[in-house]
Amino acid sequence: ALFVVGSQDRIVPPARTRKLYEAVTAAAQWAVIRGGYHCGFLNHARWRDAGCDHGDLTRQEQLVTTASLVGDWLDARFRGAAEPARRVGVVITRK
């Protein structure tokens, strides 16, 4: 399982998602995108960002980071590729 959160998510705080991660008994990865926010995971926000939070990253920066992180995770799971040990701007924990 892969859990990706933004450190500045004010809609679903990382602590709430962390409880789900901690409840998983299988191998899992927890990734926190520093400066990421809830609506930063969307290609665009509806209603011109009404009801959205904001973080230190631009939406484009967060989308690129997320796509790279998820792509690496999928490659490791399904192709046997090695995942990068570190990624700039992301704190990763594995269990």
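Further up the page is the structure itself.
For every chain, the first residue of its written sequence is number 1, and the numbers climb from 1 along that sequence. With the structure being a predicted model, the display of local features is reserved for residues of pLDDT at least 70 and the display and counting of side-chain atom pairs for 80 or more, all residues being used for whole-chain, interface and lining totals. Values reported for side chains reflect all heavy atoms of the structure, with hydrogen atoms and water molecules removed beforehand.

A. Quick look at helix H2 (residues 59–78). Secondary structure counts use DSSP, requiring at least four H or I residues in a row for a helix and at least two E residues in a row for a strand, with both numbered from the N terminus. Helix span, expected: 1.5 Å multiplied by one less than the number of residues in the helix. A rise of 1.5 Å per residue sets the reference length of H2, with its 20 residues, at 28 Å; its end C-alpha atoms lie 28 Å apart and thus fit the reference within 8%. Think of it in three bands: with a 1.4 Å probe and only protein chains considered, a residue is buried below 20% of the maximum accessible area for its type, exposed above 50%, and partly exposed in between. Residues of H2 that are buried: Arg59, Gln62, Leu63, Thr65, Thr66, Leu69, Trp73 and Ala76. Any two residues having at least one pair of non-hydrogen atoms within 4.5 Å are treated as being in contact. In this structure, the buried residues of H2 make contact with strand S1 (2–6), strand S2 (29–33) and strand S3 (90–94). The positive-phi residue at the C-terminal boundary of H2 is Gly80, with phi of around 75°.

B. Representation of the nonpolar core. In plain words, nonpolar cores are sets of buried Ala, Val, Leu, Ile, Met, Phe, Trp, Tyr and Cys residues tied together by side-chain atoms within 4.5 Å. Phe3, Val5, Tyr21, Ala28, Trp30 and Val32 form the largest nonpolar core, which has six residues in total. Of all the secondary structure elements, the ones that give two or more residues to this core are S1 and S2. Ignoring any residue separated from it by four or fewer positions in sequence, one finds Ala28 in contact with Ala1, Phe3, Tyr21, Thr93, Arg94 and Lys95.

C. Fine view of the sheet that holds S2. Two strands are counted as paired when DSSP detects at least two bridges linking them. Taken together, the three strands give an open sheet; going across it, the order is S1-S2-S3, and neighbouring strands pair in mixed fashion. Taken across any chain shown, the strands that pair with only one partner, and hence form the sheet edges, are S1 and S3. Averaged over all pairs of adjacent strands, the angle between strand axes in this sheet comes to 15°, irrespective of strand direction. In this sheet, S2 lies alongside S1 in parallel orientation, the contact comprising five bridges. Paired with Leu2 across the bridge in S2 is Gln29. Convention adopted: a line fitted to C-alpha atoms gives each axis, helices being fitted over their contacting stretch, and angles between N-to-C directions are expressed from 0 to 180 degrees.

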